[in-house]
Amino acid sequence: MSSLTPASPDLNRWLQANDVLPTAFAERKALMPMWGAQMVPPTAWPAITQRILSTPIKPSTLAYFHIPFCANRCVFCGFYRNAWQSKHGAPYVDRLIAELEFEASQRPTGGSINAVYFGGGTPTALSEADLCRLLAAVQRTLPLTDDCEITIEGRISHFSLAKAQACLAAGANRISIGVQSFDSQLRRRLGRQHSGDDAAAYLRELCSQTDAVIVADLMFGLPGQDDAKWAHDLDVALSLGLSGLDLYAFNCFPTLPINRMLEKGALPPLPSLATQNRHYAYAVRRLIDAGWTQLSNSHFSNPNPRPNRRERNRYNQAIKSGQDCLAFGSGAGGCHAGYSYQVQGNLDDYLATPLDQKPIAFLAGTSPQKQAFGLIQGALEAGEFARSLFAPYPILLQQLQLWQQQGLLTISQDQITLSIAGRFWAPTLIRELAQLISPPKEEQCPPHSQHPHSAMQNKKPQSVSA
Ligand SMILES: C[S@@+](CC[C@H](N)C(=O)[O-])C[C@H]1O[C@@H](n2cnc3c(N)ncnc32)[C@H](O)[C@@H]1O
Ligand code: SF4
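Residues numbered from 1 in each chain as written. Chains lettered and ligands numbered in written order. Predicted model: local features only at pLDDT ≥ 70, side-chain atom pairs only at ≥ 80, totals over all residues.

Partitioning the protein chain into domains gives domain 1 (31-320) and domain 2 (370-437). For domain 1 versus domain 2, the separation of C-alpha centres amounts to 26 Å. Top contributing element to the side of domain 1 that touches domain 2 by residue count: helix H9 (residues 273-289), with four residues. Taken together, the residues of the side of domain 1 that touches domain 2 sort by class into five nonpolar, five polar and one charged. (Domains from an automatic or database assignment. Helix = DSSP H or I, 4+ residues; strand = E, 2+ residues; numbered from the N terminus. Nonpolar A, V, L, I, M, F, W, Y, C, P; charged D, E, K, R; others polar.)

Now for the sheet that holds strand S16 (residues 384-386). Reading across the sheet, the three strands line up as S16-S18-S17 and stay open at both edges, with antiparallel pairing between neighbours. With partners counted over all chains shown, the strands left at the sheet margins are S16 and strand S17 (409-411), one partner each. In this sheet, neighbouring strand axes are inclined to one another by 15° on average, regardless of whether the strands run parallel or antiparallel. When S16 meets strand S18 (residues 415-418), the two strands line up antiparallel, connected through three bridges. Directly across from Glu384, in S18, lies its bridge partner Thr417. Against the sheet, helix H13 (residues 394-406) contacts S17 and S18, and its axis sits at roughly 120° relative to S17. (Pairing = 2+ DSSP bridges. Axes fitted to C-alpha atoms, helices over the stretch in contact; angles between N-to-C directions. Contact = placed C-beta atoms within 7 Å.)

What follows concerns the site of ligand 2. The environment of ligand 2 is formed by Cys70, Arg73, Cys74, Cys77, Phe79, Tyr80, Gly120, Gly121, Thr122, Arg155 and Gly178. Here the residues of the shell around ligand 2 sort into five nonpolar, four polar and two charged. (Near = placed C-beta within 6 Å.)

A separate point is the packing of helix H2 (residues 86-106) against helix H3 (residues 128-141). Two elements in contact, H2 and H3, have axes whose closest approach is 10 Å; the angle formed by their N-to-C orientations is 0°. What the angle tells us is that H2 and H3 run roughly parallel. Contacts between H2 and H3 involve Gly89, Ala90, Val93, Leu96, Ile97, Leu100, Glu101 and Ala104 on the former and, on the latter, Asp130, Arg133, Leu134, Ala137, Val138 and Thr141. Classifying every residue of the contact of H2 with H3 by side-chain character gives nine nonpolar, two polar and three charged. (Parallel < 35°, antiparallel > 145°, perpendicular 65-115°, else oblique.)

This part takes up the pairing of strand S5 (residues 113-120). Within S5, eight of the eight residues are buried, which leaves the element mostly enclosed by the surrounding structure. Two elements, strand S2 (residues 61-67) and S5, share seven bridges in a ladder whose sense is parallel. In the sheet register, Tyr64 faces S5, and the bridge partner there is Tyr117. Two elements, S5 and strand S6 (residues 144-154), share five bridges in a ladder whose sense is parallel. (Buried ≥ 20, exposed ≤ 12 C-beta atoms within 10 Å, placed from the backbone.)

Okay, here's the thing in structure tokens:
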């Protein structure tokens, strides 16, 4: 295949049969967070919280820390919770460290944590001193494995290269930067503060200066994002020396501020489902052609020559497979000891909770089908998986065979592999399979987790509707 340049964005000539099947389903819709979970009445919360805290953790558990502040609200984003002011940082980190220490005092020994994720919001908005003391507290209070992946998520605003280096020196080993697009006009419209060139220059420098894993998020399906803009985004991303790249389909759910701008005509319209599918397929082919590896439907790794900059993507892959996760910080969602829980999302209530209490805002017993959901989600997110995994579920294999006829996947004797279109439609495939083993019921989730980016899910931006 020849190289595509920004001057010739003929995406179609890169595509092959079954790369684009835009009419396979009416909508691209993900499974609701906590599908099938059984709500626990608030009267039982204290006893169950104590049970969660005093149950030993399993080997390879995850830990998630939520930093619910943003310097501004980006119009496309459903994660925004609280306006960032530097005065918020120290009291919030004090409370977070107290939460960590309280849990450590209750937790029996044993088990291990092999991936830690600081997500948001914007963890990188915290000061260098607060980030470093939080990293130190994590290493002091949690049983981390020697090779634990420790990710800090954020954006380039308020994250100087010196601050990034300080985080790495303090124990982080992976930085995930949200870029969304390198197109300056589009970025401005979305509420991003720096130009595309600034974002690219920052990432190029960060990749050349550090020995850590550096990954970036791009989105497709944004308003006015045409073939040339998308081809340019990928060209730039490929030129930076990144360890990994996330490609997220923009999920325009109704409560986002961007809807008002679209209604008023203040933004160009959203690309069609067919264009989104074509852009996704083009990106997959473009990255594979450049020698990258597809680790999951949305995540790619660069075969980087420097071994300690090699991407593992451990947290994201494990959380999708239903691995247990301890949650800390206002709005974080966790799962342990057979329960899913959410930490108090109201910041004032979170900060006011006595230091010897876990600030719980919601509790549910995990679904009896949790293991099967984890299997479905983990396998379909990976995009290829052993056929034997589904042997205990003939009803699911039957459905997979029907999708094979549509070109969404291929089934060989041992292996099931999604086509590129199948990977694009994976959120819908996962949802349909989960519903086959656990039909829809009312009241399956708390009201605050009904949108796809709820912190209940901790970083699983899947598109829900086109
Ligand atoms: C939790 S957000 C944090 C990003 C970081 N604070 C920033 O400003 O870049 C993580 C990622 O979710 C993705 N995301 C946010 N809103 C989304 C949406 N409506 N649809 C799909 N992905 C979205 C973006 O790619 C973003 O980088
Ligand atoms: S993209 Fe990042 S900074 Fe912007 S609102 Fe979402 S979480 Fe906050």
